[in-house]
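Per-entry structural report
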Amino acid sequence: RMALWNHPGNDVTGMIARVPRVAGTMAALLGGDVYHYHTKLMMKDARTGGAHLWHQDFGYWANNGCVYPDMGTCFITLDKMDKENAGLQVLR
């Protein structure tokens, strides 16, 4: 299950995109003002199978007119993530 939207509203998800810890950190990392490209909420039941193949986002950004990779992605979990509930695993 997934929900995707391009305009941050006045609900909690829109406020999260605007808080200094998110927007301010992105502005500092990217060296200037930032704007909200989109929010994606992915919902997966714990202890169930399935996988989401991760990828590089720049290909999607370029298809939508953002031809320079002056963008960032912020990943925020809403629930505790660990091996038992099939959370995100980062490989080095």
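Bear in mind the structure is a predicted one, so any value in this text is a computation, not a measurement.

Here we look at helix H2 (residues 20-30)
- Those residues of H2 that sit buried are Val22, Ala23 and Met26. Taken around the axis of H2, the buried residues stretch over an arc of 85°, which confines them to a single face. In H2, those exposed residues whose orientation departs by more than 90 degrees from the buried face are Pro20, Arg21 and Ala28.
- Trailing H2 by a residue or two, Gly31 shows a phi angle of about 80°, which is positive.

Some remarks on the environment of Asp33
- Tracing the backbone shows Asp33 in the loop between H2 and strand E2 (39-42).
- Each C-alpha atom of the pair Asp33 and Ala23 lies 8.7 Å from the other, and the pair is 10 residues apart in sequence.

Quick notes on a nonpolar patch on the surface
- On the surface, Val12, Met15, Ile16, Ile76 and Leu78 cluster together into a nonpolar patch covering about 470 Å² of accessible area.
- Looking at the secondary structure, you find Ile76 in the segment after helix H3 (58-63).

Rules used in this analysis
Residues numbered from 1 in each chain as written. Predicted model: local features only at pLDDT ≥ 70, side-chain atom pairs only at ≥ 80, totals over all residues. Heavy atoms only, no water. Buried < 20%, exposed > 50% of the residue type's maximum accessible area, 1.4 Å probe, protein only. Helix = DSSP H or I, 4+ residues; strand = E, 2+ residues; numbered from the N terminus. Arc of directions from axis to C-beta. Patch = residues over 30% accessible without salt bridge, like charges linked within 9 Å, V, L, I, M, F, W, Y side chains within 5 Å. Areas by Shrake-Rupley, 256 points an atom, 1.4 Å probe, with all protein chains shown as cover. Salt bridge = Lys/Arg side-chain N within 4 Å of Asp/Glu carboxyl O.

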